[in-house]
Amino acid sequence: MNPFFISTPIYYVNAKPHLGHAYTTIVADSINRMHRLQNRQTYFLTGTDEHGDKIVEAAARKNQSPETYAEKISTLFRQIWPLLEIENDRFIRTTDPEHKECVQKILLKVYDSGDIYFGEYGGHYCYGCERFYTEKELVDGLCPDHLEKPKFLQEKNYFFRMTKYLEPLKQHILGNPDFIRPERYRNEVLGMLGDELNDLCISRPKTRLSWGIELPFDHNYVTYVWFDALINYISALGWPDGPDFKKYWSGAHHLVAKDILKPHAVFWPTMLMAAGVPLYRSLRVHGYWTIKETKMSKSLGNVVEPMSMKDKYGVSCFRYFLLREMQFGLDASFSEEALVGRLNADLANDLGNLTNRVLAMTHKYFKGSVPVTGKPQDLDRETIELGLESFREYVRLYENFDFAKALARLWVFVSHLNKYVDQSAPWVLFKEGNADRLQTVMYVLLEGLRKIALHLWPVMPGASEKMLDQLGVKFDLESIDLAAETSHWQGLDAGTLVARKSNLFPRVDLSLDKPEGSKESQKRKKDNDPLVQFEDFQKLEIVTGKITEVNKVQGADKLYKLRVEIGDDKPRQIVAGLADFFAATDLEGREVIVLANLAPKKIRGVMSQGMVLAVRQGDRMSLLKADPGVEPGKRIS
Ligand code: MSP
């Protein structure tokens, strides 16, 4: 069996980890564990991307050097992953000396082979994406991802002859249906290759940016951040001669979200071709976590903190929800209600109750000891067959990155076992003294639970190990034979002692039926109270701002699209119903007060990231502002 290598994107260190980063890293961990469960040799790589404009800007905002700032945020990522039960083999940083050396080696190789040349280029540069956009790629003149106007830059730079490799890349994609998955992204990339693509600008003059890896053939330039970052996937493995590179590269799978499809599906494979390195095996692309239909991202200010979810609902439930809720490849909407819904229905009700009932019955009928199985009847045989088939399908779907479908398939069996308890009614068998049948039914149930717990290890390792422990089994990765697990119904030894009960997945109530006087009911009272508590007010981020640009919103007479500076943060795009009251020129340059942390929302197809505060009196509208001299970005308290 080929060794398995999985990578996540290396994350920018301009912001702390959010749910989007946690999702990709949990998926990588979980698919890696599915391979570990089958005793394959695996390598799981993640890390941080630390060079470039973005980081310099973020560090400057905190009055820190890029080095200090990058170190601080990179540490946050490294500390958070184990708390989410993520076990990576390596955490790479683009500031690691071996990585820098590797990037320079590749650059020199490609330069020597004649695929890097010097030229002049003008283009629309988005600092958020750290790349140039063509006119065609912009939406209403804005970067489609950051909704900001890119800056037109013209300068002399080094270029990678990417166009030379586009046709070979197309042939590779056509000849290898699994190279980019799911299908929709493969088609999207084939579409990109049909468009006119240019050579890739791979340097930045040091006069503009010095925080990067110096080009080995020109000391006045640093490497473009994507050329630097993508190489992490092989520098971590010790390219060209390292044993890990030799062992793992042929089994390399990259995991990314759709935002960085192009660098991974076009830049990276053409870079590998030019450097004479074999291509990775497959690119797996997932969609976005959204909040109320808007992508969750730091620049839109609507991020969910993974640690708060973990602290509130537990790491197992959090991981289960992420893997179960998102159909891999499509966007999924995040809400606490949906998370609690899944927790209560799938984990507390279906699996938790079943486990509790089975453990309690084992104690009642067999003093807590696993019985010897009797002779199976039709109902038992059907249950066993369905179970084995469910486990096989689950593993197949899981390995295909179809996590939601895999879990749904596993839960068909969990639901079946719940029905099986009712149909076979062990309490009646006990009353009737039908010992042989009672033993069979209880063994089918206990072994079924053991197999379920084992198969859930990639999803929720901690809970899986605890559940196995409750079933009297010590989790031991080395001794597991998953193929055998899905072909026969044996495993639990008769006589094994099981726990009395299992409280792994307690129900969560979103505070509706909590008794009066409880903390939750007091909170509910507060929530319904017409008086605003101080901590509620504190949640509002109301700041001073300045309108710098005013545009009409197409097809909406009353609306303006405003660009509002709010200090050192990114300028906001706000859609406001001010067109009946002000001419655009009257608004430009006006000082205003802005509610800056209003959930972003699309209004008439245009993204709005805040609200300008105003008072209306009859036909007049007056904009709130602070006294003269107060700079943009000052918080109202
Ligand atoms: N540094 C580059 C990647 C270089 S890889 C050689 C980068 N960093 S990032 O910090 O912006 O991370 C982007 C990745 O974070 C996405 O591809 C995805 O894995 C994850 N996500 C960030 N926001 C997300 C959502 N809202 N939803 C799902 N995943 C998200 O790009």
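Residues numbered from 1 in each chain as written. Predicted model: local features only at pLDDT ≥ 70, side-chain atom pairs only at ≥ 80, totals over all residues. Heavy atoms only, no water.

Caption draft 1: Molecular detail of the overall build of the protein. A count of helices and strands for the protein gives 22 helices and 25 strands. Taken over C-alpha atoms, the radius of gyration comes to 29 Å for the protein, in line with the 26 Å a tight globule of 637 residues would show. The contacts in the protein between residues at least 6 apart in sequence include a share of 74% that link residues at least 24 apart. If you sum the accessible surface of the protein, you get close to 28600 Å²; carbon and sulfur atoms cover 49% of it. (Helix = DSSP H or I, 4+ residues; strand = E, 2+ residues; numbered from the N terminus. Rg over C-alpha atoms; globule rule 2.2 N^0.38 Å. Contact = heavy atoms within 4.5 Å. Areas by Shrake-Rupley, 256 points an atom, 1.4 Å probe, with all protein chains shown as cover.)

Caption draft 2: View of the site of the ligand. Around the ligand, the structure places 24 residues, and the nearest of them are I10, T24, D49, D259 and W289. Y12 is positioned with one of its backbone polar atoms (N or O) 3.1 Å from an oxygen atom of the ligand. In this structure, D49 approaches the ligand through a side-chain N or O atom, which is 2.7 Å from a nitrogen atom. For the ligand, the protein covers 95% of the area, taking 680 Å² as the surface of the free molecule. Secondary structure elements with two or more residues in the shell around the ligand: strand 1 (4-12), helix 1 (19-36), helix 7 (225-230) and helix 8 (232-235). Sort the elements by how many residues they give to the shell around the ligand and strand 1 lands first, with four residues. When the residues that make up the shell around the ligand are grouped by side-chain class, the tally is 13 nonpolar, eight polar and three charged. (Near = heavy atom within 4 Å. Polar contact = N/O pair within 3.5 Å; in protein donor to acceptor, adjacent residues only side chain to side chain. Nonpolar A, V, L, I, M, F, W, Y, C, P; charged D, E, K, R; others polar.)

Caption draft 3: Focus on helix 3 (residues 66-83). The end-to-end C-alpha distance of helix 3 is 27 Å, a good match for the 26 Å that 18 residues give at a rise of 1.5 Å each. Turning to helix 3, its buried residues are P66, Y69, A70, I73, S74, F77, I80 and W81. Relative to the axis of helix 3, the buried residues are bounded by an arc of 125 degrees and lie together on one face. If you follow the buried residues of helix 3, they end up packed against strand 1, helix 1, strand 2 (42-49), helix 2 (53-61), strand 3 (90-93) and helix 11 (306-313). One or two residues past the end of helix 3 sits E85, with phi positive at roughly 60 degrees. (Expected span 1.5 Å × (residues − 1). Buried < 20%, exposed > 50% of the residue type's maximum accessible area, 1.4 Å probe, protein only. Arc of directions from axis to C-beta.)

Caption draft 4: Seen up close, the confidence of the model for the protein. Per-residue pLDDT for the protein has a mean of 92; in total, 96% of the residues score no lower than 70. In the predicted structure, residues 512-516 sits below a pLDDT of 50 and forms nine contacts with residues beyond four places in sequence or in another chain. (pLDDT = per-residue confidence, 0-100.)

Caption draft 5: Expanded view of the pattern of salt bridges. Applying the stated criterion across every chain yields a total of 33 salt bridges. For K206, the salt bridge is made with E214, and the minimal N-O distance between the two is 2.6 Å. A salt bridge links R450 to E485, with the nearest nitrogen and oxygen atoms 2.8 Å apart. Of the two residues, R450 is situated in helix 17 (residues 435-455) and E485 in helix 19 (residues 482-485); the sequence distance between them amounts to 35 residues. Members of the salt-bridge network, linked through shared partners, are D29, R33, R36, E87 and R319. (Salt bridge = Lys/Arg side-chain N within 4 Å of Asp/Glu carboxyl O.)

Caption draft 6: Representation of a positive patch on the surface in the model. A cluster of like positive charges, contributed by R61, K62, K72 and K298, occupies part of the molecular surface. Along the chain, K62 falls in the loop between helix 2 and helix 3. (Patch = residues over 30% accessible without salt bridge, like charges linked within 9 Å, V, L, I, M, F, W, Y side chains within 5 Å. Lys, Arg positive; Asp, Glu negative; His and termini not counted. Charge placed at Lys NZ, Arg CZ, Asp CG, Glu CD.)

Caption draft 7: Region of interest: the domain arrangement of the protein. Partitioning the protein into domains gives domain 1 (4-286), domain 2 (332-485) and domain 3 (541-623). Taken over C-alpha atoms, the centre of domain 1 sits 36 Å from the centre of domain 3. Looking only at domain 1, the three residues that lose the most surface to domain 3 are R61, L147 and E148, adding up to 64% of its buried area. Joining domain 1 to domain 3, the criterion identifies zero salt bridges. Along the lines of polarity and charge, the residues of the side of domain 1 that touches domain 3 split into two nonpolar, no polar and four charged. (Domains from an automatic or database assignment. Buried area = accessible area lost by both parts, 1.4 Å probe.)

Caption draft 8: The arrangement of the sheet that holds strand 20 (residues 591-595) in detail. Here five strands make up an open sheet; going across it, the order is 19-18-17-20-23 and the pairing antiparallel. In this open sheet, the two edge strands, each paired with only one partner strand, are strand 19 (572-576) and strand 23 (611-612). Sheet topology note: the strand 17 (residues 542-553)/strand 18 (residues 556-565) ladder contains seven bridges and is antiparallel. Looking across to strand 18, one finds that I547 is bridged to V564. (Pairing = 2+ DSSP bridges.)

Caption draft 9: Seen up close, the packing of aromatic side chains. This structure, assessed with the given rule, holds 37 aromatic pairs. On the numbers, 6.3 Å between centres and 70 degrees between planes, the contact of F5 with W249 is edge-to-face. Here W249 lies in the loop between helix 9 (243-248) and strand 12 (252-257) and F5 lies in strand 1, a separation of 244 residues in the sequence. In terms of burial, F5 and W249 fall into one category: buried. Relative to F334, the ring of F321 has its centre 5.7 Å away and its plane inclined at 85 degrees; by these criteria the two rings are edge-to-face. You can see F321 sitting in helix 12 (residues 315-325) and its partner F334 sitting in the loop between strand 16 (332-333) and helix 13 (336-366), a full 13 residues away along the chain. Its relative accessible area of 0% is what places F321 among the buried residues. Among the aromatic side chains, those forming a connected cluster through ring pairs are F5, Y43, Y233, F245, Y248, W249 and W268. The residue whose ring lies beneath R208 is Y125, and the NZ or CZ to ring-centre distance is 5.3 Å. (Phe/Tyr/Trp six-rings, centres within 6.5 Å; stacked < 30°, edge-to-face > 60°. Lys NZ or Arg CZ within 6 Å of the ring centre and 35° of its normal.)

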